[in-house]
Every structure is written in structure tokens, then in C-alpha cells.
Amino acid sequence: MGSALLEYWKKGDEDFTIVDPAMEEAPDGVRLFADRDAIADETFDVVILAIKPQLIHCVMPDYAANLAEDGYVLSIAAGASIRTISNATGTERIIRVMPNLPAAIGKGASGLTSADAITVRHKAHALDLMSRTGGVVTVADEDALDRVTAVAGSGPGYVFEFARAYVDAASQLGIRTEDARKLVLQTMAGTIALALDRGDQSLAELRDDVTSKGGTTAAGLKALNGSGAVSRAVEDCLAAAYGRAVQLR
Ligand SMILES: NC(=O)C1=CN([C@@H]2O[C@H](COP(=O)(O)OP(=O)(O)OC[C@H]3O[C@@H](n4cnc5c(N)ncnc54)[C@H](O)[C@@H]3O)[C@@H](O)[C@H]2O)C=CC1
Ligand SMILES: O=C(O)[C@@H]1CCC=N1
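It should be emphasised that the depicted structure is a prediction, and the values quoted were computed from it without experimental measurement.

> In this structure, what is going on with the UniProt feature "domain: Pyrroline-5-carboxylate reductase dimerisation" (unreviewed entry) in the protein chain? I would like to understand it.
Mapped onto the present numbering, the UniProt feature "domain: Pyrroline-5-carboxylate reductase dimerisation" (unreviewed entry) falls at residues 142-247. Structurally, residues 142-247 is divided into 83% helix and 0% strand, and its ends, taken at the C-alpha atoms, are 13 Å apart.

> Would you mind showing me how to read the packing of helix H6 (residues 155-172) against helix H7 (residues 177-197) here?
Helix packing geometry: the angle between the two helix axes and the distance between the axes. Closest axis-to-axis distance for the H6/H7 pair is 9 Å, and the angle between their directions is 135 degrees. One way to sum up the angle between H6 and H7 is to call them oblique. In terms of crossing hand, the pair formed by H6 and H7 is right-handed. Residue-level contacts link Val159, Phe162, Ala163, Tyr166, Val167, Ala170 and Ser171 of H6 to Thr177, Ala180, Arg181, Val184, Leu185, Thr187 and Met188 of H7. Split into classes, the residues belonging to the contact of H6 with H7 amount to 10 nonpolar, 3 polar and 1 charged.

> What's the story with a nonpolar patch on the surface in this structure? I'm lost.
A cluster of nonpolar residues, Phe162, Tyr166, Leu224, Val230 and Val234, forms a patch on the protein surface that exposes about 410 Å² of accessible area. Looking at the nonpolar patch, the elements that each hand over two or more residues are H6 and helix H10 (229-247).

> Explain the domain arrangement of the protein chain to me, please; I cannot follow it from the model alone.
Quite often, the size of an interface is put as the accessible area lost when its parts meet. Under the domain assignment used here, the protein chain contains domain 1 (2-142) and domain 2 (155-247). Opposite the 5 residues of domain 1 that make contact, domain 2 presents 4 residues. Of the roughly 260 Å² buried between domain 1 and domain 2, counting both surfaces, carbon and sulfur atoms make up 68%. Seen at the junction of domain 1 and domain 2, the total is 0 salt bridges. Linking domain 1 to domain 2 there are 0 residue pairs in polar contact (both at pLDDT 80 or more). Here the side of domain 1 that touches domain 2 is built from residues that sort into 2 nonpolar, 3 polar and no charged.

Thresholds, definitions, all that
Residues numbered from 1 in each chain as written. Chains lettered and ligands numbered in written order. Predicted model: local features only at pLDDT ≥ 70, side-chain atom pairs only at ≥ 80, totals over all residues. Heavy atoms only, no water. UniProt positions renumbered as here; feature names shortened; annotations may be inferred. Helix = DSSP H or I, 4+ residues; strand = E, 2+ residues; numbered from the N terminus. Axes fitted to C-alpha atoms, helices over the stretch in contact; angles between N-to-C directions. Parallel < 35°, antiparallel > 145°, perpendicular 65-115°, else oblique. Left-handed = near helix turned anticlockwise from the far one by under 90°. Contact = heavy atoms within 4.5 Å. Nonpolar A, V, L, I, M, F, W, Y, C, P; charged D, E, K, R; others polar. Patch = residues over 30% accessible without salt bridge, like charges linked within 9 Å, V, L, I, M, F, W, Y side chains within 5 Å. Areas by Shrake-Rupley, 256 points an atom, 1.4 Å probe, with all protein chains shown as cover. Salt bridge = Lys/Arg side-chain N within 4 Å of Asp/Glu carboxyl O. Domains from an automatic or database assignment. Buried area = accessible area lost by both parts, 1.4 Å probe. Polar contact = N/O pair within 3.5 Å; in protein donor to acceptor, adjacent residues only side chain to side chain.

Below, the structure is given as C-alpha cells:
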């Protein structure tokens, strides 16, 4: 995820340095080191935490001395709380963001929340970084960010899974697999674009616009969610993802 964000972050004026033991190549103009020792006692205005949340305790203390005196830590880690990050980095100046994968093409949907010690300047900078990757909403507290994680951070996974099942079903119906993928993805992309364009109409109204009485869509919708099974599955899905974010705090 860090690499995806960097593609858009590096369009700004900042210089970036990556420390990653496994990364083989960095984008043009970005320094890459495999070992933290390479940056020795250099300091940085922002230390970006883009490792797995489970690694924070063991990795981040090594970087505590690399944060400039008036700098801040920007975390993209799911769940990991400001308290956890503060314990590992030794600073209270922390901003948590939750991006999602479409940030890789500048179409992300991110949430942002900040610790009390964060200044207006820090927050404006983090908002600027995130807005280079798509839309961003500021939320009041960390619990709200964990809910954003369940909805938007993990969201592309749900959409891919729905699309996968939709393509499989189309293939089973006799459509050639390559045509099924094209038809399903274009149907989803076009439908979402229409909903974004028709912001004054509810999603239920838009659904009803396609649904002729006694027609094919009504028959399909009855099988899909007539019993409410899909609504319940989506509720369970978001609750499980939020619950996991809470466990990762
Ligand atoms: N994948 C996604 O869609 C999203 C991920 N996130 C968050 O982004 C973070 C990274 O997740 P992914 O990008 O999915 O995982 P990833 O496994 O693709 O990336 C993690 C990177 O950390 C590096 N790494 C491992 N140990 C390291 C160390 N000791 N020092 C420096 N770098 C080290 C790895 O080599 C790897 O490049 C997580 O905290 C996750 O919660 C947040 C939003 C969306
Ligand atoms: O699955 C995860 O934990 C990460 C955070 C949100 C999306 N991917």
C-alpha cells in the first residue's frame, strides 16, 4: 500500500526515503535502503509507518531518533492506535490515515484522524498528501477511523469478491469468460459512475429505475436479496472487519 501511495505523494515537493528490506526498486527520485542503519541519525519531517500493524512494536522504536523535532508520524496501519504508535515511536505527534487500494490510480477513498498534539500545519500536510491519492474525509476520533477501515480500507476486497462471483456466475450461464469479465466490470463501472452522477437520487430509487414490474431485474433481485440475505451478509462483513481493527489496536 505504501508504494501505491508513494506514486501520487511523490508528485509533490517532498523528498522521500524508503527503508524496506524486501523492496527491490524505488520510483525515480526516491532513495531506497534495505537497512535502517543506512539512514543513521538523519532526521525527517514525517516518518511514515507503512508496515503491518503486528510489526510496529519491534520495528518502530528504531526510528524514534529519525523524527525531526517538529515533525510527525503518519501511520497507514489498520487498527494500530495512536497510543500503540506513540509507545513505539516516543512521540505524541501522530496522524492516522486509512487509505484504500484505488489510491494506486489516484481514485482512493481515505479517512484521517489526528492526535491532540498535532498542529494545524501537520494536519494540512497530511490532508494534502492524502488528497493527491483521491478523496479524503476527516473523522473525529480513532474509533471512527476503525469504522472507516471496515467500510473503505477493506472495501476493495469486498468489491473484488462480488465481481469475482458475478463473473463466475456469468460464465456458468454460458458467457465466454473473457466476455463475462468485460461485461461485469463495465456494468459495475458504468453503474457506479451513474450513481455518482445522479447524486440527487437514492440508491433504492436508482435500483427501481432499472426494475420493470414482472421483468428480468425483479426476478434477479428477488433471488439475490429477497430474503435479506445479502443485506445481512454485508452487515456481518463490516462488523467482522471493524471487530478485527479493534483487536489490532
Ligand atoms: N493493502 C491494503 O489495501 C491496505 C493496507 N493498509 C495498511 O498498510 C500496511 C501495509 O500493508 P500492505 O501494503 O498490505 O502489506 P505489504 O506486505 O504489501 O507491505 C508491507 C511492506 O513492509 C515491508 N517491511 C516488512 N518488514 C519491514 C521492516 N522491518 N522495515 C521496513 N519495512 C518492512 C515489507 O517488505 C513490505 O514491502 C498495513 O499496516 C496495512 O494495515 C492500509 C490500507 C489498505
Ligand atoms: O486487510 C487489511 O488489514 C488491510 C487494511 C485495510 C485493507 N487491507
